[in-house]
Every structure is written in structure tokens, then in C-alpha cells.
Amino acid sequence: MTIARDGDEMELVRRAGQDSEAFGELYSRHVGRIYNYIYYRTGDYQDAEDLTARVFQRALHHVGSFQDQGVPFSAWLYRIAHNLVANWHRDRSRRPIVPLEDQAIETRASSHPEVLALAEEQNRLLLEAVRLLPGDRQQLLILKFVERQSNAEIGEIMGRTEGAIKSLYHRTLNALRDQIKDSGEVRRKG
Amino acid sequence: MELGKKLNARKIESWLERSLVPVEPSPGFVSELRGRLVVLRGSRMPSPWMVVLALSALLIIIVTWFGLGLRLVLALLGLIGLVERRRRSTET
């Protein structure tokens, strides 16, 4: 995000407390990202829609008291989303799994059924492993791979330094590798 | 399955790149939520200052009407007293 865009965004945020159009513009800019974040954290389209709606309803009620402390508006929205997802997980106390048929899968051009089935199985296994990670590591992966944010931007959103994000990323990859190996071994034994 | 082979960070990254792809919320959901937010904004509680202002205006109106009513009652009583005094003076 450029500085000009940041300034423009903060101006919108200032107006959004009273001006519906300004809030509508903020909504249009961020609804997709928040939806993606929640979708990958919950693994369910309907829950993602429900929680996305609650994020923006909460934002609408509190945008008037938003204070510019040098962090992007999106970081504030992600924090609301993060808290709601944490409550959602606590309420369910289980980790749901993405319905395989709903998941967007990008595979190499191949129409061979065995290759496609293998890719789908790998995809499912990976997403299961991602969802077993702690919330902050899931957030990091979603921001990095789904949102294509840089480490510096992720740091702003998560309230950490760029170095801390790099370090967390490497620890996350290692944890993910161990998780995948473990689940693979369990499957082989089963 | 690739699990038998050695998994390294590069391989997991490329795997993540293929699996964690952006998903689009349905256009119906996006527009319906926008509509709900507009309705919510319309029905939102007014600010405390607006409430204070409205209550003050209401109080001023009540006091004004009360004052007017009191004046009317006093005028009526005065008129009655005047008529009564005139009636007594004519009787005597």
C-alpha cells in the first residue's frame, strides 16, 4: 500500500463514522480479504460469510472511535476477525475440515484422474495441517500466500517486526513439515 | 504421495502457493451485506450529544407551554374575581 493510498484510507476512516459512502468504500476495499482470511481459518463458506458480516457490523459500530496509531485500517479489521474466529473455535472446540469439493484447487494442466486425485489429496492434507497450527501462524500463512503481503506488511498487521515475522515464518514451515510427516505416518500405519 | 520423499521448506512453500489460493465471496453475499450495513447505519443509536440536545429542546417547549398555561389560569382567576367583586358591589 502506498503512502498516498494510506492517507486516502485514513481520510475515509475519519469520514466513515458519519458518512455511509465512506464506510461503503472501506467495505468494498476490504470485504474480500477479510472473507478470505476467515474462510481459510474456518474452512467453511457459510461460517466465513456469517463471521465476515459480524466483522463489518462491529467495524460499523466502532469506526467512529478508531484512532490512527500508524497501523493500517486493515490491521484493525484483521484483529476483529481474529477475535471472532478465536471465539468461533472456542464455541465449537473442534477443528473443522474444508469440504474437498468446495476447495479451489489449482493443479497443473492434467486431465488424468489419478493425478487430479493425488493433487486433491495433497491439498486436503496440507489444509488440515495448516488448521492444526496456532492462530497466529495460520494468520501469517494466509496473509503471505492468499493476500500476497510482504513480511513488512504482515508485521504491521500482526503488530510485530519484520524480523519477528521472518523468524515466525521459518518456525511455521518447520512445524508444518513435522505435522505433514506425522499425519502421513499415521495414514501409512492405518 | 510426496510424503515418502524428503520434505524441504521450498517444497512446502510451493505446495502452499498451490493450495492457499484466494477465494471470492459470492456477489450476492457482498451486495446483501452492504445493504444490511446501510440499514444498520440508519437504525443506529443517535450520539449522546444529540440525545442531550433533543431533551433540552423538549424541556424548553414544556416550560414554555407550562408558563403559558399558568398565565391563562391566572387570567381566568383574575376575571372570575373581577366579576365576583362587581356582583358583590351591585348587591350591596
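The preceding data block contains the structure.
What counts as what
- Residues numbered from 1 in each chain as written.
- Chains lettered and ligands numbered in written order.
- Predicted model: local features only at pLDDT ≥ 70, side-chain atom pairs only at ≥ 80, totals over all residues.
- Heavy atoms only, no water.
- Helix = DSSP H or I, 4+ residues; strand = E, 2+ residues; numbered from the N terminus.
- Buried < 20%, exposed > 50% of the residue type's maximum accessible area, 1.4 Å probe, protein only.
- Areas by Shrake-Rupley, 256 points an atom, 1.4 Å probe, with all protein chains shown as cover.
- Polar contact = N/O pair within 3.5 Å; in protein donor to acceptor, adjacent residues only side chain to side chain.
- Salt bridge = Lys/Arg side-chain N within 4 Å of Asp/Glu carboxyl O.
- Contact = heavy atoms within 4.5 Å.
- Buried area = accessible area lost by both parts, 1.4 Å probe.

Draft legend 1. Examining the overall build of chain B more closely. Within chain B one finds three helices and zero strands. Secondary structure elements of chain B occur, N-terminal to C-terminal, as α-α-α. With 92 residues in all, chain B has 17% of them scored as buried. When the accessible surface of chain B is split by element, carbon and sulfur atoms take 71% of a total near 7300 Å².

Draft legend 2. Just the environment of Arg29 of chain A, in detail. All names here are of chain A. Inspection of the secondary structure assignment puts Arg29 in helix 2 (residues 20-42). Residues Arg29 and Glu9, spaced 20 residues apart in sequence, show a C-alpha to C-alpha distance of 9.7 Å. Within the structure, Arg29 has its side chain in polar contact with the side chain of Asp8 (distance 2.6 Å).

Draft legend 3. Molecular detail of the pattern of salt bridges. One pass over the structure, following the stated rule, counts 16 salt bridges over all chains. Of the charged contacts in the structure, one is a salt bridge between Arg124 of chain A and Glu128 of chain A, with a shortest N-O distance of 2.4 Å. Remark: Glu128 of chain A and Arg124 of chain A occur in helix 5 (residues 113-131); sequence separation between them is four residues, near one turn of the helix. Salt-bridge contacts for Arg87 of chain B lead to Glu91 of chain B; the nearest nitrogen and oxygen are separated by 2.8 Å. Of this pair, Arg87 of chain B and Glu91 of chain B both sit in helix 3 (residues 48-91), four residues apart, which is roughly one turn of the helix.

Draft legend 4. Just the interface of chain A and chain B, in detail. Tallying the contact residues gives 47 residues for chain A and 29 residues for chain B. When the two sides are added together, the surface that chain A and chain B hide from each other amounts to roughly 3700 Å², 67% of it contributed by carbon and sulfur. Taken together, the connections running from chain A to chain B amount to zero salt bridges. When residues of the side of chain A that touches chain B are assigned to their parent elements, the largest contribution, 11 residues, is made by helix 2 of chain A.

Draft legend 5. Inspection of the environment of Glu9 of chain A at higher detail. Checked against the element boundaries, Glu9 of chain A lands in helix 1 (residues 3-16). Once the C-alpha coordinates of Glu9 of chain A and Pro72 of chain A are considered, the two residues, 63 residues apart in sequence, prove to be 8.4 Å apart.

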